[in-house]
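# Tertiary structure, described
In case you want the letters, here they are:
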Amino acid sequence: MTSPIDARDLPTRRRTGVWVAVVIATVMVAFVAVLATRPSAADRQAESPLLGRPAPALIGTAVDGSKVDVSSLRGKFVLVNFFATWCVPCLQEHPELVRFAQRHQASGDATVVGVVFNDSMSSVRKYVSDKGVIWPVVSDPGGNIAFDYGVRGPPESFLIDRAGNVVSKIIGTVRADALDRLISQAKARGL
Amino acid sequence: MTRLRLSWLGALAVLVVALTIGSHGAGKPETPTRRAMRLAADFRCPTCRDLSAAQSDAETAKTMRARILDLVRQGRTDRAIRAEIVSRYGSDILLKPPASGVAGLVWALPVAAFVVAVAGLGFAFRRWRSRSTRSPTDDDRRLVEAALR
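All values reported here derive from a predicted model rather than from experimental measurement.

The next thing to look at is the sheet that holds strand S6 (residues 156-160) of chain A. Residue and element names in this part refer to chain A. Reading across the sheet, the 5 strands line up as S5-S4-S3-S6-S7 and stay open at both edges, with mixed pairing between neighbours. Both outer strands of the open sheet, strand S5 (137-138) and strand S7 (166-171), are each paired with one neighbouring strand and no more. Where strand S4 (residues 110-116) and S5 come together, 2 bridges link them in parallel fashion. Paired with Gly 114 across the two strands is Val 137, which belongs to S5.

The geometry of an aromatic ring pair is captured by the separation of the ring centres together with the interplanar angle, meaning the angle of the planes. Applying the stated criterion to the full structure yields 5 aromatic pairs over all chains. Centre to centre, the rings of Phe 82 of chain A and Tyr 149 of chain A are 5.5 Å apart; their planes meet at 55°, and the pair counts as tilted. With Phe 82 of chain A in strand S3 (residues 77-83) and Tyr 149 of chain A in the loop between helix H4 (144-148) and S6, the pair connects residues that are 67 residues apart, well separated along the chain. Under the relative-accessibility criterion, Phe 82 of chain A is labelled buried at 0%. Pairing Phe 147 of chain A with Tyr 89 of chain B gives two aromatic rings, centres 5.7 Å apart and planes at 65°, and the pair type is edge-to-face. On the criterion of chain membership, the pair formed by Phe 147 of chain A in helix H4 and Tyr 89 of chain B in helix H4 (residues 78-89) is interchain, its members lying in two chains. Tyr 89 of chain B shares its class with Phe 147 of chain A; the two are buried.

What follows concerns the interface of chain A and chain B. With 26 residues of chain A in contact, the opposing surface of chain B contributes 22 residues. Interface area, chain A with chain B, both sides summed: about 1,900 Å², of which 51% is carbon and sulfur. Our enumeration of links across chain A and chain B arrives at 3 salt bridges. Its salt-bridge partner being Arg 88 of chain B, residue Asp 148 of chain A comes within 3.7 Å of it at the nearest N-O pair. At the junction of chain A and chain B, the tally comes to 7 residue pairs in polar contact (both at pLDDT 80 or more). Among the secondary structure elements, those contributing two or more residues to the side of chain A that touches chain B are helix H1 (4-37) and H4 of chain A. Per-class residue counts for the side of chain A that touches chain B are 11 nonpolar, 9 polar and 6 charged.

Counting across every chain of the model gives 2 disulfides over all chains. Covalent S-S linkage joins Cys 87 of chain A and Cys 90 of chain A, the inter-sulfur distance amounting to 2.2 Å. Here Cys 87 of chain A and Cys 90 of chain A share a disulfide; its torsion about the S-S bond, 85°, makes the bridge right-handed. Residue Cys 87 of chain A is classed as buried on the basis of its relative accessible area, which comes to 3%. Bridging Cys 45 of chain B to Cys 48 of chain B, the disulfide has an S-S length of 2.1 Å. Measuring the twist about the S-S bond at about 70°, one finds the Cys 45 of chain B-Cys 48 of chain B disulfide to be right-handed. Note on Cys 45 of chain B: relative accessible area 1%, which makes it buried.

Here is what the cut-offs are and how they apply
- Residues numbered from 1 in each chain as written.
- Chains lettered and ligands numbered in written order.
- Predicted model: local features only at pLDDT ≥ 70, side-chain atom pairs only at ≥ 80, totals over all residues.
- Heavy atoms only, no water.
- Pairing = 2+ DSSP bridges.
- Helix = DSSP H or I, 4+ residues; strand = E, 2+ residues; numbered from the N terminus.
- Phe/Tyr/Trp six-rings, centres within 6.5 Å; stacked < 30°, edge-to-face > 60°.
- Buried < 20%, exposed > 50% of the residue type's maximum accessible area, 1.4 Å probe, protein only.
- Contact = heavy atoms within 4.5 Å.
- Buried area = accessible area lost by both parts, 1.4 Å probe.
- Salt bridge = Lys/Arg side-chain N within 4 Å of Asp/Glu carboxyl O.
- Polar contact = N/O pair within 3.5 Å; in protein donor to acceptor, adjacent residues only side chain to side chain.
- Nonpolar A, V, L, I, M, F, W, Y, C, P; charged D, E, K, R; others polar.
- Disulfide = S-S within 2.5 Å.

And the structure:
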């Protein structure tokens, strides 16, 4: 049985309850919509102040002793890949990098440059010979190249267009197909 | 003015002067290394979660400290050095987010939430008070009488 006082309060309480439910439902729907419309983790590109700007200079000595200067690679897309031999995701992405490099080796329209992130050169030399790395791997003893690119931890990759500007930053493992899509998109934009 | 008041005023003056000198390091010029460390304390260590670049021993933090020191020695201002680092890592490398733009929400939202919470509590208290002072109707009295019979 409902008392007269309860009966008087009921409409106000019901209204408040309905409003609270509407607000909670709206927040939840917005949350689900945001998550559903985000790109998948594999294709996600990171924010970076470097995007659209000239790539920081990358001049160094490769593990085989040769000199590397990324600015001499103008005219082709360059994937600058920061990696370390102690980094498990770096090992996981390696076959994808090989696939990407091999796919573009004949046409010569894109290439990979590896940069060692906080690792010993002996480990890197062994890695390069064991894994058959076919691209130059630059040592970065003071971490200055990583600093210039704003790298927080490997693997991180930067796609540089033919004019030498940073097109994309990828945090985490890369996939050859996703990289090709990025290059196609960049070409479609006339980069 | 009495002697007692004068002595209180004198003590207050001494306190103000001491605090002023203490807070400005007695006018001692800041060395480049100290300035670099002070600036490094404003940035996150790139590879750690909760440490500043001044506190961490990670290689990335050491590199950041060395680069800040270079910039200090080049005669750059604090603002220019902060801008240089943010231009590479983005504004989330700052331990204190900027108080403008979208990042400013970090400061604005807690204040807004506090205001809304206080307003909500005030509204609720008012409703409870008005409800408690509500006088019973004839129906209420009849119900109570019936229950007590």
